[in-house]
Amino acid sequence: MTIRSPLPLAAVLALAACGGSDRPGPALPPGESEPFALIEADLLQVHDALAGRRTLSDGSTLSCVGLTQMYIDRIFAYNDAPQPSGLLPVRGVLMINPHALDEAAALDALYARDGGIGERALHCMPVLLKDNYDTYDHPSTQGSYAMLGHQAGVDAHSVAGLRKAGAVILGKANQDEFAFFTTGFSGRAIQVTNPYNTSQSPAGSSSGTGASIAANFALGGTGSDTCQSIRHPSSVNGLVGIRPSLGVISQHGIFPLSHQRDTGGPMTRTVRDAALMLTAMAGVDPRDPKTLDYPAEARPASYARYLDRATHGVAGRHIGVLRQLGSNTSPAGTDAQGALIAVAIEQLADMGAIIHDVWLPDFASLGAGSRHFDMNDYFRQFELEGGHSARHCVSSSFATSANGRESCLLRDGIVETLLVDARSAGIMGTVALADPDQEPTEAELQAIVDMRAYVTGVMDALVDADGEPVLDDSGAPVRLDALLLSPGPTGGRTCDFGSTTQMGSIVVPVGFDETVGVPRGMEIFVRRFDEGTGIGIAYDYEQATHHRAPPALLPSPLSLHPSIAAFNAHQQQALMTATSVAPEDLPVEVYLQALRELTGT
């Protein structure tokens, strides 16, 4: 299928009717300002409110301390309150940074000194970090009791970038334990739920970030993606999520699953905020050699430059719809999500895109090295930079050589603690059984390069289902700007596409799946280091459709958490509250049986 469509007048009128214009609304009377509302606020509105162009309900001007306190109060009232939709709480937030209000006060002082936001593009953006991001001022636990007290000496490289740009690190979001799952479960979180329908999955492993940003617990958040862990939570929580090409954002300070597949990325309610966060999080970092493949002079000064619909939007773009990905013949989605993506494709055609079908029958999922090696490598760097933790490696039983882990003595390993939840323990056991010295081989790395070349080659010179060249009106081979697919789970396993090729993508909402009452998204996939193209397409589509809408949530009738300290203590006791059994009290037999079942040993 090839759809060729200019942007007809009827489509322009339809887009304008549904809010597709960038033009401001009717002018307010002289002397009046726009009101500021916390729900669905974006960074531009926050900056307007700080400057007095928007006022609070009592007519006062917003401060950074005031905004940060608003989000903290909302977390107190909503995070642990059972919701009518599924009778369960959202439980998106794991920990509030005890220093968040101090950070906000410091930013207010800078605002007064500079007479505005200065060079801080993210000035006073409260951000929740996935619990596997290191911060120098409060711990990260990877969603596991086995990692309590794991305190880094320095910020992750991307977190340092967020702080430099003026973000307030509001705290840590729940996640699937060690990012092993995609359902919102961990020993510490118990179960993160979808705020639109708490009987539904929030997806994962960046489950807490997805649920929290959707529930308006912060302005933005971070995720990490090994295979769909930014993309799928963004889809089912109605968010914009960017999984950038490997090397755009440093892996430093983010607890890994796979150095050849992992990347951090932003999750927000708008494309603009995601672009600004990506700018702050990105950068060259010698501690992650993959960032050296994308030198500073080749990087955009700001991804916000692509928020220009006329220059970087949809019209005239050659966009491919993925119809085959290896053995998967439905990567563009099935059921309600497939139908929503199909409507989005027609919308893009009406906006002036030229749509093509794309087949990639020779695609195969690839990896390299071992998780055991990659996790121990993280611990090595963590300790070099002054981090303190009761854990020093995956397992002390295999600590004789890998990455200098000889110092990992008995019970210093994650496995030996017996504090990993029973549902995660077996997977951690398989990690421990892998070779701790297994770095990626040259053959494995070359296979990834070759697979990326295959995909890029098809995008550079499109072929049809029979392998014949597809030509444009001038007779030249069609060069695709982007590909479209489902970010999961409908349409089969598509997450390996970006993870294997190390190429970038951005998820944008396409509407609501009324059968289950949750949003759905579409993944816009681009060439390596071409995130700007995806941002431009996503922004144009977002502004033309405005599918994002907040969930309906009810606060707790009681004040559950009178302070940040009380909230954090409550979250730390989550498992004990839910099961009346502390993880350290689980019988060893339960732990060993999980290992036997999942490892076959």
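Refer to the structure printed above.
Residues numbered from 1 in each chain as written. Predicted model: local features only at pLDDT ≥ 70, side-chain atom pairs only at ≥ 80, totals over all residues. Heavy atoms only, no water.

1. What to know about the layout of surface pockets
Vacant regions in the atomic arrangement are exposed by a probe of water-molecule size rolled over the atoms. If you add up the space inside the second largest pocket, you get close to 660 Å³. Surrounding the second largest pocket, 32 residues form its lining, Gln251, His259, Asp288, Pro289 and Lys290 being those nearest its centre. Residue assignment for the lining of the second largest pocket shows that the elements contributing at least two residues are α11 (371-384) and α13 (442-460). Its residues placed into classes, the lining of the second largest pocket shows 12 nonpolar, eight polar and 12 charged. (1 Å grid on protein atoms, 1.4 Å probe; cavity = no way out; pocket = protein on both sides within 12 Å on 5 of 7 lines; lining within 4 Å. Points joined across faces, edges and corners; volume = space filled by probe spheres on them. Helix = DSSP H or I, 4+ residues; strand = E, 2+ residues; numbered from the N terminus. Nonpolar A, V, L, I, M, F, W, Y, C, P; charged D, E, K, R; others polar.)

2. A closer look at the side chain of His259
Along the chain, His259 turns up in the loop between β10 (240-243) and β11 (263-268). Apart from the residues lying within four places of it in its own chain, the contact partners of His259 are Leu246, Gln251, Lys290, Asp374 and Asp377. (Contact = heavy atoms within 4.5 Å.)

3. Considering the packing of aromatic side chains
For the structure shown, the criterion picks out 13 aromatic pairs. With centroids separated by 4.9 Å and ring planes inclined at 65°, the aromatic side chains of Phe255 and Tyr378 adopt a geometry described as edge-to-face. With Phe255 in the loop between β10 and β11 and Tyr378 in helix α11, this residue pair connects regions lying 123 residues apart in the sequence. Neither residue differs from the other here; Phe255 and Tyr378 are each classed as buried. Three or more aromatic residues link up through ring pairs in this structure, and these residues are Phe178, Phe180, Phe255, Tyr378, Phe379 and Phe382. Geometry around Phe185 places Arg423 over its ring, the cationic atom sitting 3.4 Å from the centre. (Phe/Tyr/Trp six-rings, centres within 6.5 Å; stacked < 30°, edge-to-face > 60°. Buried < 20%, exposed > 50% of the residue type's maximum accessible area, 1.4 Å probe, protein only. Lys NZ or Arg CZ within 6 Å of the ring centre and 35° of its normal.)

4. Quick look at the state of the cysteines
Applying the stated criterion across every chain yields a total of three disulfides. In this model Cys64 forms its disulfide with Cys124; the gap between the sulfur atoms is 2.2 Å. Every disulfide takes its handedness from the sign of the S-S torsion; for Cys64 and Cys124 that torsion is 100°, giving right-handed. Of the two residues, Cys64 is situated in helix α3 (residues 64-78) and Cys124 in the loop between α4 (100-114) and β5 (125-130); the sequence distance between them amounts to 60 residues. Side by side, Cys64 and Cys124 carry an identical accessibility label, which is buried. (Disulfide = S-S within 2.5 Å.)

5. Some thoughts on helix α10 (residues 335-350)
A rise of 1.5 Å per residue sets the reference length of α10, with its 16 residues, at 22 Å; its end C-alpha atoms lie 23 Å apart and thus fit the reference within 8%. Restricting attention to buried positions, one finds in α10 the residues Gln337, Gly338, Leu340, Ile341, Ala344, Ile345, Leu348 and Ala349. Gly352 lies just past α10 and shows a positive phi near 110°. (Expected span 1.5 Å × (residues − 1).)

6. Quick notes on the nonpolar core
One finds Leu122, Leu162, Leu348, Met522 and Ile535 to be the most contacted residues of the largest nonpolar core, which totals 101 residues. Considering every element that reaches this core, the biggest residue donor is helix α8 (residues 271-281), with eight residues. Here Leu162 is in contact with Leu122, Val127, Leu129, Ala167, Thr222, Met277, Ala280 and Met281, once residues within four sequence places are set aside. Phe178, Met375, Leu419 and Ala425 belong to the second-largest nonpolar core, a separate cluster that totals 23 residues. (Core = buried A, V, L, I, M, F, W, Y, C linked by side-chain atoms within 4.5 Å.)

7. A word on α11
An ideal rise of 1.5 Å per residue puts 20 Å on 14 residues; α11 measures up with 20 Å between its terminal C-alpha atoms. The buried count for α11 comes to 10 of 14 residues, which makes it a mostly enclosed element. Taken together, the buried positions of α11 are occupied by His372, Phe373, Asp374, Met375, Asn376, Asp377, Tyr378, Phe379, Gln381 and Phe382. Taken together, the buried residues of α11 touch α12 (422-433). Gly386 occupies a position one or two residues after α11 and carries a positive phi of about 85°.

8. Some points on the packing of α3 against α4
α4 packs onto α3 with a crossing angle of 155° between their chain directions and a minimal axis gap of 7 Å. Our classification of the angle between α3 and α4 gives roughly antiparallel. Between α3 and α4 lies a crossing whose hand is right-handed. Residues Cys64, Val65, Thr68, Gln69 and Ile72 of α3 pack against Ala100, Leu101, Ala104, Ala105, Leu107 and Asp108 of α4. Within the contact of α3 with α4, the residues separate by chemical class into eight nonpolar, two polar and one charged. (Axes fitted to C-alpha atoms, helices over the stretch in contact; angles between N-to-C directions. Parallel < 35°, antiparallel > 145°, perpendicular 65-115°, else oblique. Left-handed = near helix turned anticlockwise from the far one by under 90°.)

9. A closer look at the pattern of salt bridges
Overall, the coordinates contain 26 salt bridges when judged by the stated rule. Between Arg163 and Asp155 there is a salt bridge, with the nearest N and O atoms lying 2.6 Å from each other. A salt bridge links Lys290 to Asp288, with the shortest nitrogen-to-oxygen separation between them at 3.4 Å. For Lys290, a relative accessible area of 16% gives the class buried. Through salt bridges that share partners, Glu103, Asp137, Asp155 and Arg163 make up one connected network. (Salt bridge = Lys/Arg side-chain N within 4 Å of Asp/Glu carboxyl O.)

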